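Examination of the molecular architecture
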Amino acid sequence: MAKFAGNSKAVLVVVLVCLLVVAPGAEAALTCEQVTNWLTPCISYGVFGGTVLPACCEGIKELNNAYQTKEDIRQACSCIQDGAARIPGINYDRINQLGGLCGSTCPFKVYPSTDCSKRLVVIFSIWYFNLCLNI
């Protein structure tokens, strides 16, 4: 029983550190230019399907590594949503599959109706908690 108590204390410390790292009032450090550069190789899959390019998966992983705050996630969500809306023939179900196809998680789903300003705080907390536990 003492061993379990020690493990639960370690998990609690990790959770607290993760929560402290998340700056609640921080502004987004990500730019739409960065998001666009990372995800441009994914456009062909989003429109035509087929094979996901390795550069697309690399871009998704770069984007996921760049998230530092909930504002970063909101910014990325808005950038992806705005960019996707400008691509004729984009298939939102396909682009929302990319994270899984690339072996990466995505803290949101993008559709024309997605409100990037809502629900992302909870999603970010869960995503960041999982990231911290996987370190």
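Described below are features of the structure shown in this document. These figures come from a predicted structure and were not determined experimentally.

Let us look at the packing of helix α2 (residues 32-39) against helix α5 (residues 70-85). With their axes 9 Å apart at the nearest point, α2 and α5 run at an angle of 60° to one another. Relative to α5, the element α2 lies oblique. Two packed elements cross with a definite hand, and for α2 against α5 that hand is right-handed. Across the interface between the two elements, Cys32, Val35 and Leu39 from α2 touch Gln75, Ala76, Cys79 and Ile80 from α5. Broken down by class, the residue content of the contact of α2 with α5 amounts to six nonpolar, one polar and no charged.

Turning to the state of the cysteines, a few remarks are in order. Applying the stated rule across the entire model yields four disulfides. The disulfide partner of Cys32 is Cys79, and the gap between their sulfur atoms is 1.9 Å. Residues Cys32 and Cys79 are joined by a disulfide whose S-S torsion is about -80°; by sign, that bridge is left-handed. Taken as a pair, Cys32 in helix α2 and Cys79 in helix α5 lie far apart in primary sequence, 47 residues in all. There is a disulfide in this structure between Cys57 and Cys102, and the S-S distance comes to 2.1 Å. With the S-S dihedral at roughly -70°, the linkage between Cys57 and Cys102 falls on the left-handed side. In this pair, Cys57 is assigned in helix α4 (residues 54-66) and Cys102 in the loop between α6 (92-101) and α7 (120-133), connecting sequence segments 45 residues apart. Judged by its relative accessible area of 15%, Cys57 falls in the buried class.

Our focus in this paragraph is the packing of aromatic side chains. Evaluation of the coordinates by the stated rule reveals one aromatic pair. Pairing Tyr92 with Tyr111 gives two aromatic rings, centres 6.3 Å apart and planes at 35°, and the pair type is tilted. Here Tyr92 is found in helix α6, whereas its partner Tyr111 is found in the loop between α6 and α7, with 19 residues between them in sequence. The buried category is assigned to Tyr92, whose relative accessible area is 15%. Its relative accessible area of 32% is what places Tyr111 among the partly exposed residues.

Calculation notes
- Residues numbered from 1 in each chain as written.
- Predicted model: local features only at pLDDT ≥ 70, side-chain atom pairs only at ≥ 80, totals over all residues.
- Heavy atoms only, no water.
- Axes fitted to C-alpha atoms, helices over the stretch in contact; angles between N-to-C directions.
- Helix = DSSP H or I, 4+ residues; strand = E, 2+ residues; numbered from the N terminus.
- Parallel < 35°, antiparallel > 145°, perpendicular 65-115°, else oblique.
- Left-handed = near helix turned anticlockwise from the far one by under 90°.
- Contact = heavy atoms within 4.5 Å.
- Nonpolar A, V, L, I, M, F, W, Y, C, P; charged D, E, K, R; others polar.
- Disulfide = S-S within 2.5 Å.
- Buried < 20%, exposed > 50% of the residue type's maximum accessible area, 1.4 Å probe, protein only.
- Phe/Tyr/Trp six-rings, centres within 6.5 Å; stacked < 30°, edge-to-face > 60°.

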